[in-house]
Amino acid sequence: MSGYDDRDGQIWMDGKLVDWRGANVHILTHALHYASSVFEGERAYNGKIFKSREHSERLIKSGELVGFDIPYTVDEIEAAKQEVLTASGLKDAYVRAVAWRGAGEDMGVASARNPVRMAIAVWEWGAYYGDAKMKGAKLDISKWKRPSPETIPVHAKAAGLYMICTMSKHEAEAKGCSDALFMDYRGYVAEATGANIFFVKDGEVHTPKADCFLNGLTRQTVIGMLEDRQVKVHERHIMPEEMEGFEQCWLTGTAAEVTPVGQIGDYTFEVGALTREIAQDYEKLVRS
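If you're wondering where the values come from, they're calculated on a predicted model, not measured in any experiment. (Residues numbered from 1 in each chain as written. Predicted model: local features only at pLDDT ≥ 70, side-chain atom pairs only at ≥ 80, totals over all residues. Heavy atoms only, no water.)

(A) Here's a closer look at the overall build of the protein chain. Secondary structure summary: the protein chain contains seven helices and 15 strands in total. What you see for the protein chain is a C-alpha radius of gyration of 19 Å, in line with the 19 Å of a compact globule of 288 residues. Principal axes of the C-alpha set define a box for the protein chain whose edges measure 55 × 40 × 35 Å. Buried residues in the protein chain amount to 49% of all 288 residues. Only carbon and sulfur atoms are counted for the fraction: they give 51% of the accessible area of the protein chain, which is about 13,600 Å². (Helix = DSSP H or I, 4+ residues; strand = E, 2+ residues; numbered from the N terminus. Rg over C-alpha atoms; globule rule 2.2 N^0.38 Å. Buried < 20%, exposed > 50% of the residue type's maximum accessible area, 1.4 Å probe, protein only. Areas by Shrake-Rupley, 256 points an atom, 1.4 Å probe, with all protein chains shown as cover.)

(B) Quick peek at the side chain of S36. Positionally, S36 belongs in the loop between α1 (30-34) and β3 (37-45). Of the polar contacts made by the side chain of S36, one reaches the side chain of H30; its length is 2.7 Å. Among residues more than four places away in sequence, those in contact with S36 are H30, A31, F68, A99, W100 and R101. (Polar contact = N/O pair within 3.5 Å; in protein donor to acceptor, adjacent residues only side chain to side chain. Contact = heavy atoms within 4.5 Å.)

(C) Expanded view of a negative patch on the surface. Residues D202, E204, E247 and E270 make up a contiguous surface patch of negative charge. With respect to the secondary-structure elements, E247 resides in the loop between β12 (233-236) and β13 (248-253). Its relative accessible area of 30% is what places E247 among the partly exposed residues. (Patch = residues over 30% accessible without salt bridge, like charges linked within 9 Å, V, L, I, M, F, W, Y side chains within 5 Å. Salt bridge = Lys/Arg side-chain N within 4 Å of Asp/Glu carboxyl O. Lys, Arg positive; Asp, Glu negative; His and termini not counted. Charge placed at Lys NZ, Arg CZ, Asp CG, Glu CD.)

(D) Focus on the sheet that holds strand β4 (residues 48-49). With antiparallel pairing, the six strands of this open sheet are ordered in space as β2-β1-β6-β5-β3-β4. Of all strands in the sheet, those bounded by a partner on one side alone are β2 (16-19) and β4. Here β3 runs beside β4; their pairing, made up of two bridges, is antiparallel. Bridged to A44 within β4 is I49. Sitting on the sheet, helix α2 (residues 52-65) touches β3, β4, β5 (93-101) and β6 (116-123), and the angle it makes with β3 is about 175°. (Pairing = 2+ DSSP bridges. Axes fitted to C-alpha atoms, helices over the stretch in contact; angles between N-to-C directions.)

(E) Broad picture of helix α3 (residues 74-88). With 15 residues, α3 should cover 21 Å at 1.5 Å per step; its first-to-last C-alpha distance of 21 Å lies within 8% of that length. Within α3 the residues assigned to the buried category are V74, I77, E78, A80, K81, V84 and L85. Along α3, the residues classed as buried sweep out an arc of 165° about the axis, all on the same side. At the exit of α3 stands G89, carrying a positive phi of roughly 75°. (Expected span 1.5 Å × (residues − 1). Arc of directions from axis to C-beta.)

Structure below.
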């Protein structure tokens, strides 16, 4: 497949559909130099974007958290997403909405006079971890830590927060792993590079408390599904050594959906019944 810059189709950009190959920005775009960008990753199933409005609301909130106002309302973003999805002709697709500080009068750290721009692209994207949904993903443990809320707006889906994700995932892939697991600044288990994590022990589920990383929409959905099943969910701080006693593990995220984990570092997990059932129930839910 050609690179993402060389495809047929259209991208919604600053209020209108433009040719895919023409959806460009200037080299002195502020976000390229200073990471002044926020985004959303969403999936459409059977032509309907799952939790679309919640994603649009979070995009606006992320912009506010990093200091800029996106010049579109939730309703306008919703209409734009539907417009580009329809134009793509795809029913099952990945949807990427992104807003950023563009090129303007400022090119230092401060950029209050630069316009805030926005784009939405849609493309086909299969299983994020390949065949891991059957046998379980293998994760490395990153040397980097999820930062303290005192150092960066950790609850924004902001481009700058993904720098260590890219670095960690590259290092993991070089070791034959699918992804990497982060600890947080205190040493607790946090999340993978683009997905939240869940563990199972004695029929109960344990997941890190989302106090220094994004409380994913898929994470919230899965917690609700577990509670509907009367499965006890513990949202708490988890020490790394506790992983030795957990029986099952899975990741959640828009791209990852619900993906079983078979190994993290030296710790191993079975792809057990609860993991498989939650993955199947999630698949049914998003297509309902």
